[in-house]
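Structural description and commentary
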Amino acid sequence: AQSVTQPDIHITVSEGASLELRCNYSYGATPYLFWYVQSPGQGLQLLLKYFSGDTLVQGIKGFEAEFKRSQSSFNLRKPSVHWSDAAEYFCAVGARDSSYKLIFGSGTRLLVRP
Amino acid sequence: GAVVSQHPSWVICKSGTSVKIECRSLDFQATTMFWYRQFPKQSLMLMATSNEGSKATYEQGVEKDKFLINHASLTLSTLTVTSAHPEDSSFYICSARGVSGISTDTQYFGPGTRLTVL
């Protein structure tokens, strides 16, 4: 069955520290992979996506993610976190078929210490 | 580019009434729109997929007579919650997938609609 696992429900980092949010997926083939961010009471904003090619993907707001096929992972990283990065982060896999459906992970809430 | 709006952003209604939520793609044409429901501190649950000019496809367990979806044009989809009850209170989010000009493999999300049923 297709699934996405974000093992960390909450993560707290100090402002200026580096960040890594974990995402593992289960899918029959290489899926489309996405990271979205949601601020409280808001919709989702696309941070980055991976379809094919270079496995290190650069996104907006200084985020990057690396696709590792052998580990079925697509972890999100940022070298220096800003207080405005505090939000909920969702990893999602997209079907490579005509449905274009997304399967979301449970999300990781990022808290930033001043 | 790729902006999706929702209206209203929040709505309060009485039990038994119907509520309509609009989802618009502002700067692109959307072949497909998706409707999600999100409970507090939880992930998004796909309710249905709508394609312009055809009937929506509902996910298992979602009552199609309860949640009416219409995708009348390439820029507008509506979700109507009929005979709303307190358990329908939730955050409803739509997304849209473009026809061309922008990535057709990416869903762009609206800001969400908070529905409270009294």
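Before any of the text, the structure's been laid out above.
Notes on the structure in this doc start here. Please read these numbers as outputs of a predicted model, since none were measured by experiment. (Residues numbered from 1 in each chain as written. Chains lettered and ligands numbered in written order. Predicted model: local features only at pLDDT ≥ 70, side-chain atom pairs only at ≥ 80, totals over all residues. Heavy atoms only, no water.)

Between chain A and chain B, the contact holds 19 residues from the first and 21 residues from the second. For the pairing of chain A and chain B, the buried interface totals around 1,600 Å² over both sides, and the portion due to carbon and sulfur atoms is 55%. Put simply, chain A and chain B have one salt bridge between them. Across the salt bridge formed by Lys101(A) and Glu59(B), the nearest N and O atoms sit 2.7 Å from each other. Connecting chain A to chain B are seven residue pairs in polar contact (both at pLDDT 80 or more). (Contact = heavy atoms within 4.5 Å. Buried area = accessible area lost by both parts, 1.4 Å probe. Salt bridge = Lys/Arg side-chain N within 4 Å of Asp/Glu carboxyl O. Polar contact = N/O pair within 3.5 Å; in protein donor to acceptor, adjacent residues only side chain to side chain.)

Let us look at the pattern of salt bridges. For the structure on display, the rule yields eight salt bridges over all chains. Where Asp85(A) meets Lys78(A), a salt bridge forms, and the shortest distance between an N and an O atom there is 2.7 Å. Using a relative accessible area of 4% as the deciding quantity, one classes Asp85(A) as buried. Relative accessible area serves as the criterion here: at 10%, Lys78(A) is assigned to the buried category. Here Lys66(B) ties to Asp88(B) by a salt bridge, and the two come within 2.7 Å at their closest N and O atoms. Pair noted here: Lys66(B) is in the loop between β6 (57–58) and β7 (67–73) and Asp88(B) is in the loop between β8 (76–81) and β9 (90–98), with a separation of 22 residues, a long-range link. Side by side, Lys66(B) and Asp88(B) carry an identical accessibility label, which is buried. Among the charged side chains, a salt-bridge network with shared partners connects Glu64(A), Glu66(A) and Arg77(A). (Buried < 20%, exposed > 50% of the residue type's maximum accessible area, 1.4 Å probe, protein only. Helix = DSSP H or I, 4+ residues; strand = E, 2+ residues; numbered from the N terminus.)

This brings us to unusual backbone geometry. Pro8(B) follows His7(B) through a cis peptide bond whose omega is 0°. Looking at the secondary structure, you find Pro8(B) in the loop between β1 (4–7) and β2 (10–13). Notably, Lys61(A) is not glycine yet its phi reads approximately 60°, a positive angle. In this structure Lys61(A) comes out as partly exposed when scored by relative accessible area, which is 46%.

Our focus in this paragraph is the pairing of strand β10 (residues 87–94) of chain A. All names here are of chain A. The buried count for β10 comes to eight of eight residues, which makes it a mostly enclosed element. Of the strand pairs in this sheet, strand β5 (residues 32–38) and β10 are connected by seven bridges, and their pairing is antiparallel. Its bridge partner being in β10, Phe 34 is matched across the sheet by Ala 92. Pairing between β10 and strand β12 (residues 108–113): three bridges, direction antiparallel. Opposite Tyr 89, over in β12, you have Thr 108 as the bridge partner. As defined by bridge partners, β10 adjoins strand β11 (residues 102–104) across three bridges and the pair is classed as antiparallel. If you follow Gly 94 over to β11, its bridge partner there is Leu 102. (Pairing = 2+ DSSP bridges.)

We now examine the state of the cysteines. One way to say it: the disulfide is the covalent bond shared by the sulfur atoms of two cysteines. Scanning the model with the defined rule gives two disulfides over all chains in all. With its sulfur 1.9 Å from that of its partner, Cys23(A) forms a disulfide with Cys91(A). Between Cys23(A) and Cys91(A), the disulfide has an S-S torsion of -65° and is therefore left-handed. You can see Cys23(A) sitting in the loop between β3 (19–21) and β4 (24–26) and its partner Cys91(A) sitting in strand β10, a full 68 residues away along the chain. Each of the two residues, Cys23(A) as well as Cys91(A), counts as buried. Disulfide pairing is shown between Cys23(B) and Cys94(B); the S-S distance is 2.0 Å. Looking along the S-S bond of the Cys23(B)-Cys94(B) disulfide, the torsion reads about 80°, which is the right-handed sense. Linking Cys23(B) in strand β3 (residues 19–25) with Cys94(B) in strand β9, this pair joins segments that are 71 residues apart in sequence. Per residue, the accessibility class of Cys23(B) equals that of Cys94(B), and both read buried. Cys13(B) forms no disulfide, and the closest cysteine sulfur to it belongs to Cys94(B), at a distance of 18 Å. (Disulfide = S-S within 2.5 Å.)

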